[in-house]
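Overview (structure and organization)
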Amino acid sequence: GLELSHCVGPNSLGPVVPWRSGGPCKMKRVRTVFKPEQLERLEQEFLKQQYMVGTERVDLAATLHLTETQVKVWFQNRRIKWRKQSMEQKAAKLSQFGVIQPASADSTDGKDHEEDTVDVEL
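Residues numbered from 1 in each chain as written. Predicted model: local features only at pLDDT ≥ 70, side-chain atom pairs only at ≥ 80, totals over all residues. Heavy atoms only, no water.

1. Details of the overall build of the protein
Stated precisely, the cut-off is as follows: Secondary structure follows DSSP: runs of H or I at least 4 residues long count as helices, runs of E at least 2 residues long count as strands, and numbering of each begins at the N terminus. Using a 1.4 Å probe on the protein chains alone, a residue whose accessible area is under 20% of its type maximum counts as buried, one over 50% counts as exposed, and one in between counts as partly exposed. The contact definition used throughout considers only heavy atoms, calling two residues in contact when any of these lie within 4.5 Å. For accessible areas, the Shrake-Rupley method is used with a probe of radius 1.4 Å. Any residue's cover is judged against the shown protein chains and nothing else.
When helices and strands are tallied, the protein shows 3 helices and 2 strands. Per-residue burial for the protein yields a buried fraction of 21% across its 122 residues. Considering only residue pairs separated by 6 or more positions, the protein has 56% of its internal contacts joining residues 24 or more positions apart. When the accessible surface of the protein is split by element, carbon and sulfur atoms take 56% of a total near 9200 Å².

The following block contains the structure:
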């Protein structure tokens with residue numbers, strides 16, 4: 001689920017934890033840990049379609065007891081992972097045939113949409 005940790009103020013033992021540019025004492029989001037059953041279903045849906053929108057996303061979120069935002073962000077991150085794997089496979093095939101690759105296979109090719117690079121929930 002979604003959990004938030006409180007930032008620590010000046011009267012406590014720990015350091016102040018700034019989050020984003022909103023100031024020194026905002027709530028920081030703790031990484032969502034998905035259950036294996038949730039991940040299995042999300043992966044099944046991703047194999048069917050890489051983009052989950054509208055009522056399909058709402059229904060899937062409700063079925064998995066997640067928020068719509070959690071499902072949206074999971075799909076965004078999964079698309080990034082899929083593109084990276086595709087690029088690595090392509091590079092491996094090309095190197096197998098002796099074709100020289102550019103210096104960095106990890107760099108993006110400019111096709112990523114800004115929305116797909118988001119890794120936080122609001």
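2. A look at the nonpolar core
Cut-off, in case you're wondering: Among buried residues, those of type Ala, Val, Leu, Ile, Met, Phe, Trp, Tyr and Cys that are joined through side-chain atoms within 4.5 Å constitute a nonpolar core.
One finds F34, L42, F46, M52, L60, A61, L64, L66, V71, W74 and F75 forming the largest nonpolar core, which totals 11 residues. F75 has contacts with L42, E45, F46, Q49, Q50, M52 and L60, leaving out every residue within four places of it along the chain.

3. Some points on the confidence of the model for the protein
Applicable threshold: pLDDT expresses, on a scale from 0 to 100, how confident the predictor is about each individual residue.
When the pLDDT values of the protein are averaged, the result is 77; 61% of them are 70 or greater. Per-residue pLDDT, averaged within each element of the protein, yields its smallest value for strand β1 (residues 3–5) (54) and its largest for helix α1 (residues 36–48) (97). Counted against residues more than four places away or in other chains, residues 107–117, with its pLDDT under 50, gives 11 contacts.

4. Concerning unusual backbone geometry
Although it is not a glycine, H65 sits at a positive phi angle of roughly 60 degrees. The class of H65 is exposed, set by a relative accessible area of 72%.

5. Some remarks on α1
Quick reminder: α-helices carry 3.6 residues per turn. Residues three or four places apart thus point the same way. As a reminder of what qualifies: Expected span, for any helix, means 1.5 Å times one less than how many residues it has. Arc definition: directions from the helix axis to the C-beta atoms.
In a regular helix each residue adds 1.5 Å, so 13 residues correspond to 18 Å; α1 covers 19 Å between its end C-alpha atoms and thus fits that length. Every buried residue of α1 is accounted for by Q38, L42, E45 and F46. Seen end-on, α1 carries its buried residues on one side only, within an arc spanning 105 degrees. Looking at α1, the residues exposed on the side facing more than 90 degrees away from the buried face are P36, E37, E40, L47 and K48. Structurally, α1 contributes buried residues whose contacts are with α2 (54–64) and α3 (68–96).

6. Observations concerning the packing of α1 against α3
As a reminder of what qualifies: Structural elements are reduced to axes, namely lines fitted to C-alpha atoms, with helices fitted over the stretch in contact, and the angle between N-to-C directions of any two is expressed from 0 to 180 degrees. Each angle is binned into one of four classes, with values under 35 degrees roughly parallel, values over 145 roughly antiparallel, values of 65 to 115 roughly perpendicular, and all other values oblique. The hand of a helix crossing depends on one turn: near helix anticlockwise from the far one by less than a right angle means left-handed, and clockwise means right-handed. Each residue is assigned to one of three groups, with Ala, Val, Leu, Ile, Met, Phe, Trp, Tyr, Cys and Pro labelled nonpolar, Asp, Glu, Lys and Arg labelled charged, and all others, Gly among them, labelled polar.
Put simply, α1 and α3 touch, their axes get as near as 11 Å, and they point 60 degrees apart. What the angle tells us is that α1 and α3 run oblique. Classified by chirality, the crossing of α3 by α1 is right-handed. Note on element contacts: α3 touches α1 through V71, W74, F75, R78, R79 and W82, opposite L39, L42, E43, E45 and F46. For the contact of α1 with α3, a count of residues per class yields 7 nonpolar, no polar and 4 charged.

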